[in-house]
Amino acid sequence: MDAVVEGLEPQAATAEDAARDATDAVDAGPGVTPLLAGNRLSLDLYPGGCHRLLHLCAQQPHQLLEVEFLQLSGHEDPQLLEATLARVPGSLPRLRSLVLKGGQRRDAGGASLRGSLTTLPAGLSGLACLAHLDLSFNNLETLPACVPQMRSLGALLLSHNRLSELPEALGALPALTFLSVTHNRLQTLPTALGALSTLQRLDLSENLLDTLPSEIGGLSSLAELNLASNQLQSLPASLAGLRSLRLLVLHSNLLVSVPAGLDRLPLLTRLDLRDNQLRDVPPELLDAPFVRLQGNPLGEAPPDPCSPPGCSVTLACGVRLQFPAGATATPVTIHYRLWLPEPRLVPLGPHDSLLSGVLELQPHGVAFQQEVGLWLLFVPPRARRCREVVVRTLSDDSWSDLETQLEEEAPKRLWAHCQVPHFSWFLVVSRPVSDTCLVPPEGTLLCSSGHPGVKVTFPPGATEEPLHVCMQVVRMASRELRALLGEPEGAVSPLLGLSQSGDPSFLRPVTVQLPLPPGVTGLSLDRSRLHLLYWAPPAATWDDITAQVALELTHLYARFQVTHFSWYWLWYTTKTCVGGLARKAWERLRLHRVNLIALQRRRDPEQVLLQCLPRNKVDATLRRLLERYRGPEPSDTVEMFEGEKFFAAFERGIDVDADRPDCVEGRVCFVFYSQLKNVKEVYVTTTLDRQAQAVRGQVGQWSRVPQDVWTAAGALNPTSSHPKVSFYRGAVPEEVPEEAEAARQRKGADAMWMATLPIKLPRLRGSEGPGQRLGASLSLAPLNLGDAETGFLTQSNLLSVAGRLGPDWPAVALHLGLPYRELQRIRHEFRDDLDGQIRHMLFSWAERQAGQPGAVGLLVQALEQSDRQDVAEEVRAVLELGRRKYQDGIRRTSLAPGDLGPSGPSASQSLEPAQA
């Protein structure tokens, strides 16, 4: 399909030609059924999505008339995309949501790429039902003229484009409730914006706005206004007239004052004024609990951050700067930004770990006449033995470590202090202790500060120019090594890493001294069991170089000569092939055992918190979140590397449809760092909510189990029909040990699958019509629990039973045959919710028993054995009522045993039993 587009001649590549060629080139293809999910048509993840849609439009299938949601990738060929969109109004007349986002592809550095969309065909204004339009992550420089003509539009997303202005015609949209134009180039706003009387959420952050029109005070329904990271120096007094305003975000601007009256807005719950230049703030705002003012030099004229006399600056993010007198010749304004840690911004060595986010200070490249002090707050590392904390920065297109001192304010509040010559990117890293020296032509000796037996001797003439040499030493626990090798007498020396600046080779051999492995002496060892291993990048393999060097052994040490540096290791083992074992040990040093959790807010189950954290932090994290969140127990332990990328995907009808750059092909992207939180929150809303608010995710199907019940089958069976969130590996290093590889090779469609956890569907906030209301679907849907002879139980019957069990439910569960381990899991999952424990136990058991004979009798017997005769009698009464209704139904259809004719048996077999 791609070849058809690439083969178009430039002079003939019109929109009509593209549509005709694409339609002719595509064969019968996959058809409509595999692409359609209900009333959704998602083509953004398929290669050649425009070709597929053109082919479907040419076929004129009846199903397209019912499509309400359409997703296309913004990375399609521009002419082909324009031709495809021109066919949409006539083929999809009921379309309510159109998503044309870019950002699914990334460059070599991992940054999201914008889509190719620059305009829209005028015919799209004919979409009379369109309520949701997402054009994010594209190359729009002006708003397409058809957009202000979409009178039904309720949500318009334009973030991450190149818009410098918005048209006055935008004020003519009578139904618009949500407008997002973040990360653009807006310098002014149209005065007609104030005519949007229905607008509830307005996000204009990350632009170039320096003023606001006074007409903005006419947004009578506005509840959320985000103007962060602009260049605003003042605000219109009309802001105090926004009586519906709940959230006002103004941080990272140039404001020197705020209008009076903001404190009297009746519904305002948050006012963010951080990182401005405020001098005059109403006293009422200074003491208001909902106001954030950090980073403002209140009560005095703000000192110039980089003025020649020198000053101290504290940024809103908690970073401190100390400029000595004379650091700059002229005043310089500071700009900063906090980046989420991504692989392209976080250069980590093999045994490094990240302790902070990434701080960018601007302007770049401005050299200070004196070094400036920088204090960065970081997370204390878990292990400190033989490790050190340093600030890493980018300078001259390469990353280097700065000399760093630690300052402790509290046991869990540490500052990394260093001196910087200019502004750049900065992050805090924990690494093995590094010893450095400058090697002159005369030679020198470098010793390890943590391991006195490790030395490197540089003879005279080893180098013509002075070289900076770095040494790192890493220990490995003997117990772990013996378990890995499978032999009690195996041992290894410390792992030695050497690196240098300049020429990768020396003019004369350099002598390296390593301690012999523990328990081994030079007088008693078997030299055939001693191996010197060398790690050879970029192949990332361990080579046995014992036969290539002359090993000089003393009682405690081994010495050998090398001409260039990397990592070296002494092994003492009976194994003959040591390279593979060393690779596994090398990776074992870098692995972290982690668990994955998925929690939901107690009062708002639409808000799902996803987190990956080391195994030792799970219990403390769950205790801390207990009051606000609820959810299943953590996943099984998996092994991950520092800096490894992984994804979370909602399965079984839940689709992430977020205006966020970390959403890649429908999956939320994470990068694991052992010391950081690795947490994100995703909103999952129902299809009906699309009419009322901007949708970040939606539910497409419902489970037969009540929504306040999570079935055990959903947690244990990846093929279950219940909603869940699954975690998948992303970019894993090629050299993965067998233990980690085993975690990857799970059965299923996705070989990178790590874990699956159930979630609870959010409650439906409305109804679609007769028979679609949630209550009706729960009370009437049969479980098929029972049979015609003993009777049937419905979900409503089971809910009644669950409401009467109380604290006796564990006894009933054990008599039903549930293992004690599952009871413990249910208690952990619903720690402070007794009703949730009972319903989860009962419905998960009922789901497993559905369709099996004798299930109802087993429930009655379990109730009697648990001394709950009252509930057992209630169940018997329900069953008797069901049997009577069944017999009455047979008699009404003249199928009583005495009246059966030739066709009686077949008719009676097709009759469904009545539900009690």
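Structure shown above.
Being a predicted model, the structure only gives us computed values, none of them experimental.

Draft legend 1. Main features of the overall build of the chain. Of the regular secondary structure elements, the chain holds 18 helices and 50 strands. Nonlocal contacts in the chain, meaning residues at least 24 apart in sequence, comprise 61% of its contacts between residues at least 6 apart. Of the roughly 40,900 Å² that the chain leaves accessible, carbon and sulfur atoms contribute 50%.

Draft legend 2. Spatial organisation of the pairing of strand S18 (residues 372-378). By the criterion of burial, S18 is predominantly enclosed, with six of the seven residues buried. Across three bridges, strand S14 (residues 320-323) lies against S18 in antiparallel orientation. Looking across to S18, one finds that Arg 320 is bridged to Trp 375. With seven bridges joining them, S18 and strand S22 (residues 413-420) adopt antiparallel strand pairing. If you follow Phe 378 over to S22, its bridge partner there is Leu 414.

Draft legend 3. Main features of the environment of Ala 175. As for its position among the elements, Ala 175 is in the loop between strand S6 (155-157) and strand S7 (178-180). Exposure remark for Ala 175: the relative accessible area of 30% places this residue in the partly exposed category. Once residues lying within four places of it in the same chain are set aside, the contact partners of Ala 175 are Arg 151, Ser 152, Leu 153, Gly 154 and Thr 198.

Draft legend 4. Representation of the environment of Lys 680 in the model. Relative to the helices and strands, Lys 680 resides in strand S44 (residues 679-683). On the accessibility criterion, Lys 680 (17% relative accessible area) is buried. Sequence separation between Lys 680 and Ala 598 is 82 residues, and the spatial gap between their C-alpha atoms is 10.0 Å.

Draft legend 5. Just the packing of aromatic side chains, in detail. Counting across every chain of the model gives 15 aromatic pairs. A ring pair is formed by Phe 646 and Phe 670, whose centres lie 4.9 Å apart and whose planes are at 15°; its orientation type is stacked. Here Phe 646 is found in strand S40 (residues 645-651), whereas its partner Phe 670 is found in strand S43 (residues 667-671), with 24 residues between them in sequence. For the pair Phe 646 and Phe 670, one class covers both residues: buried. Between the NZ or CZ atom of Arg 201 and the centre of the ring of Phe 178, over which it lies, the distance is 4.2 Å.

Draft legend 6. Looking closely at the sheet that holds strand S34 (residues 557-564). Taken in spatial order, the five strands of this open sheet run S25-S26-S30-S34-S33, and their pairing is antiparallel. The open sheet has two edge strands with one neighbour each: strand S25 (444-447) and strand S33 (552-553). Of the pairings in the sheet, the one linking S25 to strand S26 (residues 455-458) comprises four bridges and is antiparallel in character. In the sheet register, Leu 445 faces S26, and the bridge partner there is Thr 457.

Draft legend 7. Broad picture of the pattern of salt bridges. Under the definition given, this model contains 18 salt bridges. Its salt-bridge partner being Asp 808, residue Arg 868 comes within 3.0 Å of it at the nearest N-O pair. Taken together, the residues span a long stretch of sequence, with Arg 868 in the loop between helix H16 (855-865) and helix H17 (869-892) and Asp 808 in the loop between helix H12 (795-805) and helix H13 (809-815) at a distance of 60 residues. Residue classification places Arg 868 among the buried positions, given a relative accessible area of 12%. Residue Asp 808 is classed as partly exposed on the basis of its relative accessible area of 31%. One salt bridge in this structure joins Arg 876 and Glu 864, with 1.8 Å as the shortest N-O distance. Taken together, the positions of Arg 876 in helix H17 and Glu 864 in helix H16 put the pair twelve residues apart, joining distant regions of the chain. Residue classification places Arg 876 among the partly exposed residues on the basis of a relative accessible area of 32%. Taken together, the shared-partner salt bridges in this structure form one network comprising Asp 352, Glu 388, Arg 392, Asp 401 and Arg 431.

Draft legend 8. Up close: the side chain of Ser 866. Its location among the elements puts Ser 866 in the loop between H16 and H17. The exposure class assigned to Ser 866 is buried, which follows from its relative accessible area of 9%. Among the polar contacts made by the side chain of Ser 866, one reaches the main-chain carbonyl oxygen of Ala 811 at a distance of 3.5 Å.

Draft legend 9. Helix H15 (residues 834-849), seen in detail. The terminal C-alpha atoms of H15, which comprises 16 residues, lie 23 Å apart, in line with the 22 Å expected from a rise of 1.5 Å per residue. Within H15, 13 of the 16 residues are buried, which leaves it mostly tucked inside the rest of the structure.

Draft legend 10. Quick look at the packing of H15 against H16. At a minimum axis separation of 10 Å, H15 and H16 run at an interaxial angle of 145°. The interaxial crossing formed by H15 with H16 has right-handed handedness. Contacts between H15 and H16 involve Leu 842, Trp 845 and Gln 849 from the former and Ala 855, Leu 858 and Leu 859 from the latter. For the contact of H15 with H16, the per-class residue count stands at five nonpolar, one polar and no charged.

Draft legend 11. Fine view of H16. Those residues of H16 not exposed but buried are Ala 855, Val 856, Leu 859, Val 860, Ala 862 and Leu 863. All buried residues of H16 fall inside an arc of 160° around its axis, so they share one side. A positive backbone phi angle near 60° is found at Asp 867, which sits one or two residues after H16.

Each value, and the rule that gives it
- Residues numbered from 1 in each chain as written.
- Predicted model: local features only at pLDDT ≥ 70, side-chain atom pairs only at ≥ 80, totals over all residues.
- Heavy atoms only, no water.
- Helix = DSSP H or I, 4+ residues; strand = E, 2+ residues; numbered from the N terminus.
- Contact = heavy atoms within 4.5 Å.
- Areas by Shrake-Rupley, 256 points an atom, 1.4 Å probe, with all protein chains shown as cover.
- Buried < 20%, exposed > 50% of the residue type's maximum accessible area, 1.4 Å probe, protein only.
- Pairing = 2+ DSSP bridges.
- Phe/Tyr/Trp six-rings, centres within 6.5 Å; stacked < 30°, edge-to-face > 60°.
- Lys NZ or Arg CZ within 6 Å of the ring centre and 35° of its normal.
- Salt bridge = Lys/Arg side-chain N within 4 Å of Asp/Glu carboxyl O.
- Polar contact = N/O pair within 3.5 Å; in protein donor to acceptor, adjacent residues only side chain to side chain.
- Expected span 1.5 Å × (residues − 1).
- Axes fitted to C-alpha atoms, helices over the stretch in contact; angles between N-to-C directions.
- Left-handed = near helix turned anticlockwise from the far one by under 90°.
- Nonpolar A, V, L, I, M, F, W, Y, C, P; charged D, E, K, R; others polar.
- Arc of directions from axis to C-beta.

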